[in-house]
Amino acid sequence: MALEELEGCSDAYVDPGVGLTLLFSTPRALDEHSLAAILQPLKIRVSEVQQVNKLPY
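Residues numbered from 1 in each chain as written. Predicted model: local features only at pLDDT ≥ 70, side-chain atom pairs only at ≥ 80, totals over all residues. Heavy atoms only, no water.

Student: Would you mind showing me how to read the confidence of the model for the protein chain here?
Tutor: In regions of low pLDDT, the predicted coordinates are not meant to be interpreted in detail. Mean pLDDT over the protein chain: 79, with 89% of residues reaching 70 or higher. Within the protein chain, the element-level pLDDT minimum falls on strand β2 (residues 19-24), averaging 82, and the maximum on helix α1 (residues 32-39), averaging 85. (pLDDT = per-residue confidence, 0-100. Helix = DSSP H or I, 4+ residues; strand = E, 2+ residues; numbered from the N terminus.)

Okay, here's the thing in structure tokens:
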């Protein structure tokens, strides 16, 4: 998947009601522009980015 291009991204969790949650192996800041460019060919747009400190499942 295209998310392999994000350094440290180890997993992605999709919840249709919430959106896409990316899990990183080490805490780091996420560049929204890089993420948007990676997801654009998949027709996924970035509307909100927030950091959470718990797993979605």
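Back to the write-up after that little detour.
Student: Teacher, can you tell me more about α1 here?
Tutor: An α-helix turns once every 3.6 residues. As a result, residues three or four positions apart point the same way. Listed as buried for α1 are Leu-35, Ile-38 and Leu-39. Taken around the axis of α1, the buried residues stretch over an arc of 90 degrees, which confines them to a single face. Exposed residues on α1 whose side chains face more than 90 degrees from its buried face are His-33 and Ala-37. Buried residues along α1 sit against β2. (Buried < 20%, exposed > 50% of the residue type's maximum accessible area, 1.4 Å probe, protein only. Arc of directions from axis to C-beta. Contact = heavy atoms within 4.5 Å.)

Student: Which parts of the structure should I look at to understand the nonpolar core?
Tutor: One recurring pattern in soluble globular proteins: nonpolar side chains tend to sit buried together. Counting 6 residues, the largest nonpolar core is built from Leu-6, Cys-9, Leu-22, Leu-35, Ile-38 and Leu-39. Per-element tally for this core: the top contributor is α1, with 3 residues. Those residues in contact with Leu-6 that lie beyond four places of it in its chain are Leu-22, Phe-24, Arg-28, Leu-30, Leu-35 and Ile-38. (Core = buried A, V, L, I, M, F, W, Y, C linked by side-chain atoms within 4.5 Å.)

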